[in-house]
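Spelled out, the chains give:
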Amino acid sequence: MFDERAALRFRLEQMKDAEERLIVQIQKERAYIFSRLRELDAQTSAETGTSEQDLKFLERSQPYLQAPQQDGEKKEWTGAKMRRARPSRRSKTTKMREAAVNILKQQTSPIRGIDLEKLIEERTGFQIANMTTFMNTIMKADERIIKVGRGLYSYHKEPTNNPLGPIILGSEENDNSTNSES
């Protein structure tokens, strides 16, 4: 009898086989590309007179790029998840924060958050997922950066020494405090 459990197992085996075939094809293509690059580099080095020392990066990757196993041989699939190394988030956010501070320092008037976001993304090449959260973290780190109004940010040369924090135009607290003083 062929039940759903057996059908699912069968489909998983099919998917595993398809993944293995795809991996073999990608490895073959990668090996071809790198061998072709080596040939082109050899031609270029012969024409320009560069040494083999300049082409080290291709040789270091050789064990990884060796031709895949023959089609008759089955490759053992361990199922272990391979982790890719990625740059640390701190370096990415640090670059974005520095870009934001530099942009705000250059501005003579408050800048809209959307414009600031575009400038930061252009300079760093990184996407900002949530601009408000990003700016809130920057404002906590540097008290000279303030939110002037809804979506308007500015950089003040001297830090704000007001114990109540920066004065934000258009907020209800400031409207009430100015009315009670007069």
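In this report, the structure presented in the accompanying data block is examined. Given the structure is predicted, the values throughout are model-derived calculations rather than measurements. (Residues numbered from 1 in each chain as written. Predicted model: local features only at pLDDT ≥ 70, side-chain atom pairs only at ≥ 80, totals over all residues. Heavy atoms only, no water.)

### Some details on the environment of arginine 150
Part 1: Inspection of the secondary structure assignment puts arginine 150 in the loop between strand 2 (145-149) and strand 3 (152-155).
Part 2: Arginine 150 gets classed as exposed once you look at its relative accessible area, which sits at 86%.
Part 3: Measuring from C-alpha to C-alpha, the distance between arginine 150 and glycine 113 comes to 8.9 Å, with 37 residues separating the pair along the chain. (Helix = DSSP H or I, 4+ residues; strand = E, 2+ residues; numbered from the N terminus. Buried < 20%, exposed > 50% of the residue type's maximum accessible area, 1.4 Å probe, protein only.)

### Topic: the pattern of salt bridges
Part 1: Scanning the entire structure with this criterion turns up one salt bridge.
Part 2: Measuring nitrogen to oxygen at the nearest pair gives 2.9 Å for the salt bridge that ties glutamate 39 to arginine 36. Of this pair, glutamate 39 and arginine 36 both sit in helix 1 (residues 4-48), separated by three residues, roughly a single helical turn. (Salt bridge = Lys/Arg side-chain N within 4 Å of Asp/Glu carboxyl O.)

### Observations regarding the side chain of glutamate 117
Part 1: Note on placement: glutamate 117 falls in helix 5 (residues 113-124).
Part 2: Lysine 118 provides the closest opposite charge to the buried, unpaired glutamate 117, separated from it by 8.2 Å.
Part 3: Setting aside residues no more than four positions away along its own chain, glutamate 117 makes contact with Ile128 and Met131. (Lys, Arg positive; Asp, Glu negative; His and termini not counted. Contact = heavy atoms within 4.5 Å.)

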